[in-house]
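Here is how the chains run, residue by residue.
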Amino acid sequence: MSEVERLVASIVQFLGDQLRSDALSIDAKESLEVAVQCLESAYNISSSDVHLLVSKSLQEIFREGTKDEPPSRSSPPSEEARQEAENYKTEGNNLMKLEKYDEALKCYTKAVQLDPKNAVYFCNRAAAYSKLDNHSFALEDCQRAIEIDPNYSKAYGRMGLAFASLNEHFRARDCYKRAVDLDPENESYRNNLRIAEEKVAEIERQGGFGGGFDFGSILSNPDVMNMATQFMRDPNIQNIGSELAAQMQASNPELVEQLRRQMGNLPNRGNPDSSNNSGGSA
């Protein structure tokens with residue numbers, strides 16, 4: 001005799017009690033009868049197997065097992081819980097003004113726990129996370145806020161701030177664009193969008209390298225560029241790189257031209273006869 005068989009027997013007993021009640025419709029009872037037959041067939045038991053039954057009904061066991069558990073927050077919060085959440089939010093806002101971000105974060109978390117369907121609480125907590133440089137957590141809370149309210153401009157604005165702080169300027173730009181679309185009169189969103197667009201333009205001018213990568217300083221380093229020049233003079237490398245060079249020329253001719261100019265202006269350290277020359281143009 002296994003615990004699973006005893007559990008299934010208790011379920012069958014519970015369904016049998018439901019079949020004898022007047023709370024269900026005829027169609028519902030027919031569905032339960034099919035369920036009972038399926039369970040008995042699947043586990044090879046019968047309602048006549050009284051040795052499998054336990055002293056308490058399944059409903060009594062469930063009631064005792066869950067009596068100390070709080071009600072699920074998936075249901076709408078009570079008016080009292082809503083008011084308590086608002087109080088925590090207000091307290092959190094006051095703490096943010098005092099730059100007590102850790103304490104504000106705790107208040108917003110309590111508000112979220114009391115009313116997890118309120119987008120404002122998640123968005124405010126995202127602001128606290130950003131102040132504490134926890135930008136990944138800020139992004140998660142902004143996303144939660146947007147899931148609750150897809151037209152919440154402030155959530156997009158704060159998500160843009162988090163992305164910008166992580167040097168993900170393309171994503172920051174997209175978020176600020178959405179914030180401006182939803183609230184076109186907001187000067188802060190417009191300014192942040194302008195800054196993000198400038199960052200994106202700068203990255204694109206550098207050949208698509210972001211995250212603070214200074215491509216220009218690499219090109220101006222004679223040692224690095226001389227090594228690259230000698231490397232590229234290898235016939236084997238030239239054959240391998242011809243197709244790649246063609247692709248680079250097609251996609252970013254300005255970058256290719258800059259590379260050529262930089263290489264042409266470097267001294268040829270690999271040739272002893274030109275060691276005293278400054279080098280000629282390409």
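Residue numbers here run from 1 along each chain, matching the order of that chain's written sequence. For a predicted model such as this one, the threshold for reporting local features is a pLDDT of at least 70, and the threshold for listing and counting side-chain atom pairs is 80 or more; totals across whole chains, interfaces and linings nevertheless cover every residue. The basis for every side-chain value is the complete set of heavy atoms in the structure, and neither hydrogens nor water enter the calculation.

Let me state the cut-off plainly: UniProt positions are given in the numbering used here, feature names are shortened, and annotations may be inferred rather than shown by experiment.
Under the UniProt heading Sequence similarities (unreviewed entry), the note attached to the protein is "Belongs to the SGT family."

### Focus: the overall build of the protein
Put simply, the test is: Each helix is a run of DSSP H or I of at least 4 residues and each strand a run of E of at least 2, with the numbering of both proceeding from the N terminus. For every residue, the accessible area (1.4 Å probe, protein chains only) is compared with the maximum for its type, and the residue is labelled buried under 20%, exposed over 50%, or partly exposed between those bounds. The contact rule is simple, with two residues in contact once any of their heavy atoms fall within 4.5 Å. All accessible areas in this document rest on Shrake-Rupley with a 1.4 Å probe, and a residue is counted as covered only by the protein chains that are shown.
Of the regular secondary structure elements, the protein holds 14 helices and 0 strands. Counting from the amino terminus, the protein carries its helices and strands in the arrangement α-α-α-α-α-α-α-α-α-α-α-α-α-α. Per-residue burial over the protein gives 28% buried out of 282 residues. In the protein, the proportion of contacts linking residues at least 24 apart, taken out of those at least 6 apart, comes to 49%. As displayed, the protein offers around 18500 Å² of accessible surface, 49% of which is attributable to carbon and sulfur atoms.

### Some remarks on the pattern of salt bridges
Under the convention used in this document: We define a salt bridge as a contact between a side-chain nitrogen of Lys or Arg and a carboxyl oxygen of Asp or Glu at a distance within 4 Å.
Using the criterion set out here, one finds 6 salt bridges in the structure. A salt bridge links Arg 171 to Glu 168; the shortest N-O distance between them is 3.4 Å. A salt bridge links Glu 198 to Arg 194, with the nearest nitrogen and oxygen atoms 3.4 Å apart. Separated by 4 residues within a single helix, Glu 198 and Arg 194 lie in helix α10 (residues 187-205), roughly one turn from each other.

### Describing the packing of helix α5 (residues 101-114) against helix α6 (residues 119-131)
Heads up, the condition is: The angle between two axes is taken between their N-to-C directions and runs from 0 to 180 degrees, where each axis is a line fitted to C-alpha atoms and a helix contributes only its stretch in contact. Working rule for angles: under 35 degrees goes down as roughly parallel, over 145 as roughly antiparallel, 65 to 115 as roughly perpendicular, anything else as oblique. Crossings are sorted by hand: turned counterclockwise from the far helix by less than a right angle, the near helix makes the crossing left-handed, and turned clockwise it makes it right-handed. Here the term charged refers only to Asp, Glu, Lys and Arg, the term nonpolar to Ala, Val, Leu, Ile, Met, Phe, Trp, Tyr, Cys and Pro, and the term polar to all other amino acids, Gly among them.
Where α5 meets α6, the axes come as close as 9 Å, and the angle between the chain directions of the two elements is 160 degrees. Considering the angle they form, α5 stands roughly antiparallel to α6. Our pair here, α5 against α6, has a crossing hand that is left-handed. Contacts between α5 and α6 involve Tyr 101, Leu 105, Tyr 108, Thr 109, Ala 111 and Val 112 on the former and, on the latter, Tyr 121, Phe 122, Asn 124, Arg 125, Ala 128, Tyr 129 and Lys 131. The residue makeup of the contact of α5 with α6, split by class, is 9 nonpolar, 2 polar and 2 charged.

### A short note on the UniProt feature "repeat: TPR" (unreviewed entry) in the protein
UniProt marks residues 85-118, 119-152 and 153-186 with the feature "repeat: TPR" (unreviewed entry), using the numbering shown here. Strand forms 0% of residues 119-152 and helix 79%; the C-alpha atoms that close the span are 8 Å apart.

### Examining the confidence of the model for the protein
We apply this condition: pLDDT measures how confident the predictor is about each residue, on a scale from 0 to 100.
Averaged over every residue, the pLDDT of the protein is 78; the share at 70 or more is 69%. Scored below 50 in pLDDT, residues 209-217 makes 8 contacts in the model with residues more than four places away or belonging to other chains. Note on residues 265-282: pLDDT is under 50 here. Beyond four places in sequence and across chains, it has 24 contacts.

### Side note on the state of the cysteines
Put plainly, a disulfide is one covalent bond tying together the sulfur atoms of two cysteines. To keep things clear, this is the line we draw: Cysteine sulfur atoms are paired as a disulfide whenever they come within 2.5 Å of each other.
By the definition in use, this model includes 0 disulfides. The structure places no disulfide on Cys 142, whose sulfur is separated from the nearest cysteine sulfur, that of Cys 123, by 5.4 Å.

### Details of the environment of Ala 164
Relative to the assigned elements, Ala 164 resides in helix α8 (residues 153-165). Taking the relative accessible area as the measure of exposure, Ala 164 reaches 24% and is therefore partly exposed. Ala 164 sits 31 residues away from Ile 195 along the chain, and the two C-alpha atoms are 9.7 Å apart.

### Digging into the nonpolar core
Threshold: Take the buried Ala, Val, Leu, Ile, Met, Phe, Trp, Tyr and Cys residues and link them wherever side-chain atoms come within 4.5 Å; each set so joined is a nonpolar core.
Counting 39 residues, the largest nonpolar core has Met 96, Ala 145, Tyr 152, Ala 155, Met 159 and Phe 163 as the members making the most contacts within it. The set of elements that each furnish at least two residues to this core consists of α4 (79-97), α5, α6, α7 (135-148), α8, α9 (169-182) and α10. Beyond its immediate stretch of four places on either side in the chain, Tyr 152 contacts Ala 119, Val 120, Cys 123, Ala 145 and Leu 182. Among the nonpolar cores identified, the runner-up in size contains 8 residues, and Val 8, Val 12, Leu 32 and Ile 45 belong to it.

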